[in-house]
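Single-letter residue listing:
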Amino acid sequence: MENSSLLYNLVIYSLAAILMALFVLIEIRYKFNPAVTGLIFFIAVTLLLSLVDSALRKRSRSEALKSFKDFTFSYFEFYLIFIFAAVSSYLPHNFFTDLSAMFVLLFVIVNLFPLMLDASSGGKDPPQYLRRIFEDMKAKMDIKGNVRLRIFESSLMKTALLGGLIRPTVFINEDLLSMLSEDELRSVIAHELAHYKGGDLIRYMGYTLLIYAVLTPLFKFIVSSAGLSPQSGSVTVLLLFIILFLGTLSAFLILIRRKEVRADLIAATYTNPEDLINALIKLYKASEGAPSFLPTHPSLEKRIEFIKRANRDVGG
Ligand SMILES: [Zn+2]
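Since the structure is predicted, the reported quantities are computational estimates derived from the model, not experimental observations. (Residues numbered from 1 in each chain as written. Predicted model: local features only at pLDDT ≥ 70, side-chain atom pairs only at ≥ 80, totals over all residues.)

**Overview of the overall build of the chain**
This is how the line gets drawn: The helix and strand labels rest on DSSP assignments: H or I over at least four residues marks a helix, E over at least two residues marks a strand, and numbering proceeds from the N terminus. The burial label depends on the number of other C-beta atoms within 10 Å of a residue's C-beta. Counts of 20 or more mean buried, 12 or fewer mean exposed, and intermediate counts mean partly exposed, with C-beta atoms placed from the backbone. The contact criterion used is a C-beta to C-beta distance within 7 Å, with each C-beta placed from the backbone.
Secondary structure assignment for the chain yields 11 helices and 3 strands. When burial is assessed residue by residue, the chain has 24% of its 316 residues classed as buried. Put simply, 73% of the contacts in the chain that link residues at least 6 apart link residues at least 24 apart.

Spelled out as structure tokens, the structure:
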């Protein structure tokens, strides 16, 4: 199981990386409108990845269709970014208009996310017992906001997540209802509500804007000090950009992972830490083999260690 999931991830990652590199190369060489090529490119990637996914996992055609839907959904935000970037490149712009445009885009994406998930993965209201747990937890954590709970179907995202700022929503994959006990579900809900209470979505938006605000001038500065032209599209400029981008992306992921640990610790204070640990073990096992493009969550071992350590410190 370990080996096959490693091979699976390796194939999916390499394929995605090769296609991504191909796309960047085509963009630089031929300077097509990225809104058009971006859209074609991502549809091709989605189709190819879902075909490879179903071939590797030896799944039926209807399941392949489901995974296509999942991949389409997870790429939808990229379509938006490309179209937005392409259209806005024709408008007069400078660093600050770009920054504000990015803010608008992020805001749209963050709020479109729950609507998309609801529409694309059969969103429905939770059963009565879960709604009660959710309301209980909200009261316990002193949350007065209008955050709601929805159930969704997905064969790839076997998890719970928080989306939306205008209409914040905690989503739980339907499969979790049979996988987890009521107490484990309570812990998972507490974790998502901790994200909500901590304003983590706003933080992620802030981090993204910060990266843009740091990366753009830094890139321009290094390129011009090296006597290169950013427009030349030379391999050196491209490599430099990739190195800088990966560096800032790593910093971004470290910040995000810290928020995950924090949400775990808050959830563990409002629920039984053992339930949270058991839920995490089951969730990690269920998403074993599913492709995750960015390691936004710490490893299972680390999360369990943090929860246990914090619990020891408090409990003595
Ligand atoms: Zn989380």
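**Digging into the sheet that holds strand β2 (residues 160–163)**
Heads up, the rule is: DSSP-based pairing: two strands are paired if at least 2 bridges between them are found. Axis definition: a line fit to C-alpha positions, over the contact stretch in the case of helices; interaxial angles, taken between N-to-C directions, run 0 to 180 degrees.
The sheet built from 3 strands is open, its strands ordered β1-β3-β2 with mixed pairing. A single partner strand is all that each edge strand has here, and the edge strands are β1 (148–152) and β2. Sheet twist, expressed as the average angle between the axes of neighbouring strands with direction ignored, equals 25 degrees. In the sheet, β2 pairs with strand β3 (residues 169–173) via 4 bridges, with the strands oriented antiparallel. Paired with A160 across the two strands is I172, which belongs to β3. In the packing of helix α4 (residues 95–120) onto the sheet, contacts are made with β1, β2 and β3, and the angle to β2 comes to roughly 135 degrees.

**Notes on the environment of L228**
Checked against the element boundaries, L228 lands in the loop between α8 (200–225) and α9 (235–270). Setting aside chain neighbours within four positions, we find L228 in contact with V223, S234, T236 and V237.

**Quick notes on α9**
Rule in force here: Expected span of a helix: the number of residues minus one, times 1.5 Å.
The terminal C-alpha atoms of α9, which comprises 36 residues, lie 52 Å apart, in line with the 52 Å expected from a rise of 1.5 Å per residue. Burial in α9 covers these residues: A263, D264, L265, A267 and A268.

**Notes on the packing of helix α5 (residues 128–140) against helix α7 (residues 182–197)**
Two numbers describe a pair of packed helices, the interaxial angle and the distance between the axes. Counted only if it meets this: For classification purposes, angles smaller than 35 degrees are called roughly parallel, those larger than 145 roughly antiparallel, those between 65 and 115 roughly perpendicular, and all remaining angles oblique. In this scheme, a crossing is called left-handed if the near helix is turned counterclockwise away from the far one by less than a right angle; it is called right-handed if the turn is clockwise. Under this grouping Gly is polar, as are all residues other than the nonpolar Ala, Val, Leu, Ile, Met, Phe, Trp, Tyr, Cys and Pro and the charged Asp, Glu, Lys and Arg.
Between α5 and α7, the shortest axis-to-axis distance is 10 Å and the interhelical angle comes to 50 degrees. Relative to α7, α5 is oriented oblique. As for how α5 packs across α7, the hand of that crossing is right-handed. Two secondary-structure elements touch here, α5 through Y129, L130, I133, F134, M137 and K138 and α7 through E182, L185, R186, I189, A190 and L193. A class-by-class count of the residues in the contact of α5 with α7 yields 9 nonpolar, no polar and 3 charged.

**Some words on the packing of α8 against α9**
Viewed as axis vectors pointing N to C, α8 and α9 meet at an angle of 155 degrees, and their least axial separation amounts to 10 Å. Comparing the axis directions of α8 and α9 gives the class roughly antiparallel. Between α8 and α9 lies a crossing whose hand is right-handed. Facing D200, R203, Y204, Y207, I211, V214, L215, L218, F219, I222 and V223 of α8, the residues of α9 in contact are V237, L240, F241, L244, F245, T248, F252, L255, I256 and K259. Here the contact of α8 with α9 is built from residues that sort into 17 nonpolar, 1 polar and 3 charged.

**Here we look at the environment of E135**
For E135, the location among the structural elements is in helix α5. Sequence separation of E135 and V147 is 12 residues, and the distance between their C-alpha atoms is 10.0 Å.

**Section: the nonpolar core**
So the rule is basically this: Any nonpolar core is a set of buried residues, restricted to Ala, Val, Leu, Ile, Met, Phe, Trp, Tyr and Cys, that join up through C-beta atoms within 7 Å.
If you look at the biggest cluster of nonpolar residues, it comprises 36 residues, and the most contacted ones within it are V170, I189, L193 and L276. For this core, the secondary-structure elements that each account for two or more residues are α4, α5, β1, β2, β3, α7, α9 and α10 (273–286). Per element, the largest residue contribution to this core is 7 residues, and it comes from α7. Discounting chain neighbours no more than four positions away, the residues touching I189 are I133, F134, M137 and V170.

**Brief notes about unusual backbone geometry**
One non-glycine residue, D142, lies in positive phi territory at about 60 degrees. Its place among the elements puts D142 in the loop between α5 and β1. D142 gets classed as exposed once you count the C-beta atoms within 10 Å, which come to 7.

**Quick notes on α10**
In this model α10 runs 20 Å from its N-terminal to its C-terminal C-alpha over 14 residues, within 8% of the 20 Å that 1.5 Å per residue would give. Listing the buried residues of α10 in full gives P273, D275, L276, I277, A279, L280 and L283.

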